[in-house]
2 protein chains.
Amino acid sequence: MKTYIKHNPWQIIEDKFRPEHNEFSESIFAIGNGRMGQRANFEEEFSGKTLQGSYLAGIYYPDKTRVGWWKNGYPEYFAKVINSIDWIGLDILVNGQVLDLHQVVIKSFERRLDMQRGILYRSFIVEMADGTQINVEASRMYHLFASETASLQYRIQALSGDITLEVTSRLNAEVINRDSNYDEKFWENIDQGKEEDGIFVVARTKKTGFEVYAKLETSVKTATSRLEVQDTITSAGCMAEVYTTNLAKSEICSIEKRVAIVTSQNHAVAQLKEITNNLFRTLNQLDFEQLKEKQASAWHAIWAESDIEISGDVAAQQAIRYNIFQLNQTYTGEDERLNIGPKGFTGEKYGGVTYWDTEAYCIPFYLATQSPKIARNLLIYRYQQLDKAIENASKLGFDKGAALYPMVTINGEECHNEWEITFEEIHRNGAIAFAIYNYVRYTGDEDYIWSHGLEVLVAISRFWAQRVNWSAEREQYVMLGVTGPNEYENNVNNNWYTNRIASWCLEYTLECLEKLAAQHSDELSLLKAKVAVGAEEQQKWQHVIAHMYYPFDAKRNVYLQQDGFLDKELIPVAQLDPSQRPINQHWSWDRILRSCYIKQADVLQGFYFFEDKFDVDTLGRHYEFYEPFTVHESSLSPCVHAILAAKLNKVEKAYEFYLRTSRLDLDDYNNDTEDGLHITSMAGTWMTIVEGFAGMRIKDGKLYLNPMLPKKWEGYKFRILFRGATLLIDVHADGYTIENISDRAVHIQTASEAFSLTGQGKKQVAQVR
Amino acid sequence: MKTYIKHNPWQIIEDKFRPEHNEFSESIFAIGNGRMGQRANFEEEFSGKTLQGSYLAGIYYPDKTRVGWWKNGYPEYFAKVINSIDWIGLDILVNGQVLDLHQVVIKSFERRLDMQRGILYRSFIVEMADGTQINVEASRMYHLFASETASLQYRIQALSGDITLEVTSRLNAEVINRDSNYDEKFWENIDQGKEEDGIFVVARTKKTGFEVYAKLETSVKTATSRLEVQDTITSAGCMAEVYTTNLAKSEICSIEKRVAIVTSQNHAVAQLKEITNNLFRTLNQLDFEQLKEKQASAWHAIWAESDIEISGDVAAQQAIRYNIFQLNQTYTGEDERLNIGPKGFTGEKYGGVTYWDTEAYCIPFYLATQSPKIARNLLIYRYQQLDKAIENASKLGFDKGAALYPMVTINGEECHNEWEITFEEIHRNGAIAFAIYNYVRYTGDEDYIWSHGLEVLVAISRFWAQRVNWSAEREQYVMLGVTGPNEYENNVNNNWYTNRIASWCLEYTLECLEKLAAQHSDELSLLKAKVAVGAEEQQKWQHVIAHMYYPFDAKRNVYLQQDGFLDKELIPVAQLDPSQRPINQHWSWDRILRSCYIKQADVLQGFYFFEDKFDVDTLGRHYEFYEPFTVHESSLSPCVHAILAAKLNKVEKAYEFYLRTSRLDLDDYNNDTEDGLHITSMAGTWMTIVEGFAGMRIKDGKLYLNPMLPKKWEGYKFRILFRGATLLIDVHADGYTIENISDRAVHIQTASEAFSLTGQGKKQVAQVR
């Protein structure tokens, strides 16, 4: 853990330079705008520990798979969103000495992320080898209002006397990935040069052929003049402009860099240059202060919809805003070809590609804080990859249109290559089906089922019906060789969660098919032909539903995580030697597998998804049985436990989980934030408040609320977009209010009553749980 | 399968060049002498498909491990015996045209391995682009009588008219491995040059620092003269000598190459040169014909001890000799630092390192065909690696001197890096203990237990006692997360074989400890202190033995391979679509894992090791249950099944398995012989005849025999070394004879009687099974 980030409601602040933790801070202060993003690398030269990273959404490279021993069915490539053009670089020479924070005396240092306005600040005073002191103030933003552009300002002040200054402003396409399986270079340089008003580079990814055109305009000013370019330096893939000046004591040199980065993913290659110039034409109508205002106002619009205010607990307030901020930096939902990488634009790990996290954790956040189109685009992403999922299943021996969505993907093809995950962590298929159900439940947009959803559901159901097998011994269907959400168990038989979600998929698909059969619109006849599931096949599905085996312990009256779970030594986590934790950093893999310890909600994930199928006592029994064995070593674990703890009225436990999930990165709970932020679990943080503390659910098309208040909090307030209405929910110790700040009436249910809240109406409820 | 190898009792013959199968033939015709060996690469240039390979026993490189995702406990390196100095190379220019079998018209071609004499022959007639025809006759041997030397003769005859000939004789240390995880070069060049009588190269392995000194002497003669070196060519790591001559039609140019290769593994670096020159001094006292005679006589001595003669079945005769031949080429037992790589000196796969194959399959062969010292050296190999095995276990979280021997090793450190094998295929520990028991049972050399064996047994038992855990649910000990010999099941619970051999290890160790306690020699006091196992620990072991859980099906009255085996769809292999076989080449890994199909004997391996614990009916029941689900896709499978089938009097089934195991490589049953031969399973072939058909066992210190005769055979004859006596067993349809051709009396038991056979005595038994 690290606790040096200052608590502040709207700011993330680091008030001292800690070179040993620089990679952690580079992750924490990362910025982006959904189209591109960047770790908080320094503009100037830095010879200390750093992970350089700038990423472009959807620009990936299929890195050749690295395996120990090949297994049939492994993918050939692991597609990864790759480190791309670096536009921020500034080489600063002060009296001929390189400015490098690893080589100078640092008098003061602050890094500050203004989440309200979406601007990253950094300031420092340093003393150079010759005794010269300078003050630097830098600000940087990835424009939310023009997502193919970004800008920064870098102001240097001579503090101790006159100085000579040489500034080299770089635009560099000669970048590499730290994570390259065979030390391959992923980019080739296509073109580069100088234009009247700046420099440009053009690079193309190997194999995938994405072409990227980047243009940089630099302006360097002193109080009195704008400097001319002294020299232009050309090296392989890199252009740079050199400026020199003298600064009198106290004088400031202000450097501005503006970049436009456009790609063949979104435009015709022939037009990249022209588009770039157009972008600059618009951008250059504003000075840097005006750009900052524009950025602030774009962020203002986001906060107006998705902010959560917490009173009485600054750490909690900062944390939820940080989570919401990062989610909005990562995915804006404008482009259905994009998705949410587990680390967003903040690191190379997991390759910026899509996992089941999106469906299980992110969809609810976007559903409630953004237009339904955004969540819908996330569903469409999978719809468009259905053919690939069918192909993937067929590679593994499934037929008749069965689909297995990849564990990890960017273009629909499987990237992951551990057999126990790739081939066996198949519950992901269930989460993808559940997201369709969840979307329809929340939005009421049943048309989506007919336009897209049902095709996906049928293909997934076909997979499950083939993946189970009849056990003559049990006279039930079993599912052998799976890995559940708890990845500390591999290749188990009858993971309860997987069996349960498989059966649910079949049920829900049959239900949709029945509804479809009852529809008589002509428009649906094409779909009816497309998803024709014969009577025999439907009977098979019903037979599977009716005869699915669920491991169960009659003595404890609980479902078992998998066959044989009770053969383990059941020693609660609390009795573990703390020096052995996290176990994934201290124990060999076999020891972890043999142990009873649970990485993240597994049986309990099922109780989260399917809570309506179990009463609170049953939930309580399972929570009491499983949580004590859970080590929460996945970032996705605490949020689900927080929601269930809240449901069980364990408010303090829920609050503990809330802190853990919300400050996971800020406080580096898992000691791995240096690799990048845990973006997808941040949506889980949001769920912790809204579904956990506020008890929000959708029941029969109505918004259900049943808030509670953590002891430490005076209150909390959040907005929900629900079926065209915008609701402001304001929870205090003595009750809560629901305010409909839209013109659209909405059906609401609380613990005690159901009612319709008219447009602009307000409802007071006199007590919380 | 490939069936082009001609059937012949003493020769392996390929009568036509099949470039598409060249890598297969390179494996089949590989030669070696226990110290070094080589694939049957061509001397002359060859631009077609080829896997170049020359290997030196024990000269390895720790190649950086390649994994998809790192797991705690994985080894950093995979040590592999590497491709080394190539001494055979000859560039032949005929009228200025390169001789390259991929570029000329081949008029005739024969490759022939004389197993009786240990000499590889090749002859061919080709037509060059200009119409010139030449005849080439080559012979090559790795000297059994001087294991650091080898020689070849290459005779070129001008068939169609006069020719000019240029011959370049190379000695090349600039070699690479095809199997290099990161395309690293493993060798560095240290020195090279010309001496009066030849050329030399010195190379050193990176990291491990093995230095290798190789000297080559070439002589080129025509009928009339010995040619002088025209030119010496030096390039990085490679020396070559050039000779030129004219040949009249029918004239022969005879090239001889002799090499000595010595290494710092066996000699001081400073002496390598001198030792090489001494080797040449001895070698050069003989001409090539004399060398061939010497080689033949060394092989004669081996055959005199270990030949098996089969009458009436040439395919079977050739096959058993091929297996015995390859085993003797791979391991001579002189050096206890060496062991038997699964592919010997015939390929890169599996890296030439040691698996449990040695203990489970090879020890019986060496016990019965060589001096006990040889098998003992194989045991000592593991004894010397005990500290590393304890360290290995401690890395995985075991303590108090528990040892886990590596799955794959060359120097005692684990090389393998698949978690399901490395951490879980722990039954290997059992095989290593069983080999000690087996050695003592065969030789009666109980002293080995006190000098070495018991320390190993205690450390292994300590591992088992910690690896099981008490299941409160079952009130028995269970063993979770293992992989049995059947590697088509991973991470299963309670693999019966593993539980059984673990319990046996504890039993046998306790038995030995009890015997030790009863010994009062002073010499043993040190050992008593070393292996002190306290009363409490012994009680724990006894408790484990008494309460070990064995999965069992009461209905079928069979032990189950593992928990949950009966949940599988139990469809016999016979009902599988033949186009789907071998399943490991057609099915995805998850499908294989979920299926009931068994790669190699698993429960039945236990019935093989512990046959005395079960009656024949019980064996029969288990054989009938498991064999129908067995795909025999490991080379180690058919032999064990053959032995059990023979025991069950299923003679035709045993014969079928015999052919499969014995001709596995010759007929390329598994379609993978191009990677190298399956050396360790060849010992299994020998077991098939001696333990299977002849029913040989050791019971209470007596040699037990109970032969049967496959229908197709007229008879078979083999020798056994047993407790100082040499026995010749000659089996025919109407009975068999046992002849003691030594002077030492030996106790023998047959199906009907027990007797002592005096030195030079002979016993006739009037019937076979």
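Scroll up for the structure.
In this text the structure is predicted, and so the values were computed from the model without any measurement. (Residues numbered from 1 in each chain as written. Chains lettered and ligands numbered in written order. Predicted model: local features only at pLDDT ≥ 70, side-chain atom pairs only at ≥ 80, totals over all residues. Heavy atoms only, no water.)

Enquirer: How would you summarise the overall build of chain A if you had to cite specific residues and measurements?
Expert: Along its length, chain A carries 20 helices and 32 strands. Whereas a compact globule of 769 residues would reach a radius of gyration of roughly 27 Å, chain A reaches 27 Å, a difference of no more than 12%. Reported as C-alpha extents along the three principal axes, the dimensions of chain A are approximately 85 × 60 × 60 Å. Per-residue burial for chain A yields a buried fraction of 65% across its 769 residues. Sequence-distant contacts, at least 24 apart, represent 68% of the contacts inside chain A between residues at least 6 apart. On chain A, roughly 26,400 Å² of surface is accessible, and the fraction owed to carbon and sulfur atoms is 46%. Distance between charge centroids for chain A: 2 Å, based on 81 positive and 105 negative side chains. (Helix = DSSP H or I, 4+ residues; strand = E, 2+ residues; numbered from the N terminus. Rg over C-alpha atoms; globule rule 2.2 N^0.38 Å. Buried < 20%, exposed > 50% of the residue type's maximum accessible area, 1.4 Å probe, protein only. Contact = heavy atoms within 4.5 Å. Areas by Shrake-Rupley, 256 points an atom, 1.4 Å probe, with all protein chains shown as cover. Lys, Arg positive; Asp, Glu negative; His and termini not counted. Charge placed at Lys NZ, Arg CZ, Asp CG, Glu CD.)

Enquirer: Account for the side chain of B:E691, with residues named and values stated.
Expert: Residue and element names in this part refer to chain B. Residue position: E691 is located in helix α20 (residues 679–693). Comment: no salt bridge for buried E691; closest opposite-charge side chain is R697, at 4.8 Å. If sequence neighbours within four positions are ignored, E691 has contacts with P364, Y608, I643, M696 and R697. (Salt bridge = Lys/Arg side-chain N within 4 Å of Asp/Glu carboxyl O.)

Enquirer: Break down the state of the cysteines for me, with residues and values.
Expert: Residue and element names in this part refer to chain A. Using the criterion set out here, one finds zero disulfides over all chains in the structure. No disulfide involves C238; its nearest neighbouring cysteine sulfur is the one of C253, lying 20 Å away. Taking relative accessible area as the criterion, C238 reaches 8% and is therefore assigned buried. Lacking any disulfide linkage, C639 is separated from the closest cysteine sulfur, that of C362, by 9.9 Å. (Disulfide = S-S within 2.5 Å.)

Enquirer: Describe unusual backbone geometry, with residues and values.
Expert: The residue after A:R581, namely A:P582, is reached through a cis peptide bond having omega -5°. One non-glycine residue, B:Y350, adopts positive backbone phi at about 65°. As for its placement among the helices and strands, B:Y350 is situated in the loop between α4 (314–330) and α5 (357–369). What makes B:Y350 partly exposed here is its relative accessible area of 27%.

Enquirer: A description of the sheet that holds strand β26 (residues 702–704) of chain A should follow, citing residues and the corresponding values.
Expert: Residues and elements named next belong to chain A. With mixed pairing, four strands are arranged side by side in an open sheet as β25-β26-β30-β31. Every other strand in the sheet has two partners, leaving β25 (697–699) and β31 (754–757) as the edge strands with one partner each. In this sheet, neighbouring strand axes are inclined to one another by 35° on average, regardless of whether the strands run parallel or antiparallel. Two elements, β25 and β26, share three bridges in a ladder whose sense is antiparallel. Bridging across to β26, K699 finds its partner in K702. (Pairing = 2+ DSSP bridges. Axes fitted to C-alpha atoms, helices over the stretch in contact; angles between N-to-C directions.)

Enquirer: Any details on the relation of the copies chain B and chain A? Residues and values, ideally.
Expert: Two chain copies here: they are related by a rotation about an axis and a translation along the same axis. In screw terms, the move from chain B to chain A is a rotation of 180° and a rise of 0.0 Å along the axis, fitting with an RMSD of 0.1 Å. Read as a symmetry element, the transformation amounts to a two-fold axis. Taking C-alpha positions as the reference, the residue of chain B nearest the rotation axis is B:V67, at 2.3 Å. Here 100% of the interface residues in chain B have copies in chain A that are interface residues too; the copies meet face to matching face. (Least-squares fit on C-alpha atoms with pLDDT ≥ 70 in both.)

Enquirer: Any details on the pairing of strand β18 (residues 252–263) of chain B? Residues and values, ideally.
Expert: Residue and element names in this part refer to chain B. Within β18, 11 of the 12 residues are buried, which leaves the element mostly enclosed by the surrounding structure. Across nine bridges, the pairing between strand β11 (residues 149–158) and β18 is antiparallel. In the strand pairing of β18, A150 is matched with V259.

Enquirer: Describe the pattern of salt bridges, naming the residues involved and giving the relevant values.
Expert: According to the stated counting rule, one finds 106 salt bridges over all chains in the structure shown. The partner of A:K215 in a salt bridge is A:E195, and the shortest N-O contact between them spans 3.4 Å. Linking A:K215 in strand β16 (residues 211–221) with A:E195 in strand β14 (residues 187–195), this pair joins segments that are 20 residues apart in sequence. Like A:K215, the residue A:E195 is buried in the burial classification. Of the charged contacts, one joins B:D179 and B:K80 as a salt bridge, the two residues approaching to 3.1 Å between their closest N and O atoms. In this pair, B:D179 sits in the loop between β12 (163–172) and β13 (187–195) while B:K80 sits in strand β5 (residues 77–83), placing the two residues 99 residues apart along the sequence. When salt bridges with common partners are traced through the structure, they connect A:E195, A:D197, A:K215, A:E217 and A:K273 into a single cluster.

Enquirer: Which residues make up the interface of chain B and chain A, and what values go with them?
Expert: Contacts between the two partners involve 53 residues from chain B, matched on the other side by 53 residues from chain A. Surface buried jointly by chain B and chain A totals about 4,200 Å² across both partners, of which 49% is contributed by carbon and sulfur atoms. When residues of chain B are sorted by the area they lose upon contact with chain A, B:W69, B:D567 and B:R594 head the list and together hold 19% of the total. Between chain B and chain A we count eight salt bridges in total. Here B:D567 ties to A:R474 by a salt bridge, and the two come within 3.0 Å at their closest N and O atoms. In this structure, the connection of chain B to chain A is made through 26 residue pairs in polar contact (both at pLDDT 80 or more). Elements supplying a minimum of two residues to the side of chain B that touches chain A: α8 (419–422), β20 (469–471), α14 (583–586) and α15 (589–594) of chain B. Here the element with the most residues in the side of chain B that touches chain A is α15(B); it accounts for five residues. Taken together, the residues of the side of chain B that touches chain A sort by class into 18 nonpolar, 16 polar and 19 charged. (Buried area = accessible area lost by both parts, 1.4 Å probe. Polar contact = N/O pair within 3.5 Å; in protein donor to acceptor, adjacent residues only side chain to side chain. Nonpolar A, V, L, I, M, F, W, Y, C, P; charged D, E, K, R; others polar.)

Enquirer: Before we move on, can you summarise helix α7 (residues 386–395) of chain A with the specific residues and values?
Expert: All names here are of chain A. Considered for burial, the residues of α7 that qualify are L386, A389, N392 and A393. All buried residues of α7 lie within an arc of 115° about the axis, which places them on one face of the element. Those residues of α7 that are exposed and angled more than 90 degrees off the buried face are D387 and K395. Where α7 is buried, its residues contact α6 (372–384) and α10 (447–467). (Arc of directions from axis to C-beta.)

Enquirer: Describe in detail the packing of α6(A) against helix α9 (residues 427–443) of chain A, supporting the description with residues and values.
Expert: Residue and element names in this part refer to chain A. It is the contact of α6 with α9, at a shortest axis distance of 11 Å, that shows an interaxial angle of 155°. Relative to α9, α6 is oriented roughly antiparallel. Note that α6 runs across α9; the crossing there is left-handed. Contacts from P372, A375, R376, L379 and R382 of α6 reach α9 at I432, A435, I436, Y439 and T443. Partitioning the contact of α6 with α9 into residue classes produces seven nonpolar, one polar and two charged. (Parallel < 35°, antiparallel > 145°, perpendicular 65-115°, else oblique. Left-handed = near helix turned anticlockwise from the far one by under 90°.)

Enquirer: Let's hear about the pairing of β14(A): which residues, and what values?
Expert: Sheet topology places β14(A) next to strand β15 (residues 198–205) of chain A; eight bridges connect them, and they run antiparallel. Residue pairing for β15(A): A:W187 is matched across the bridge by A:T205.

Function cannot be read off these values alone, since they describe shape.
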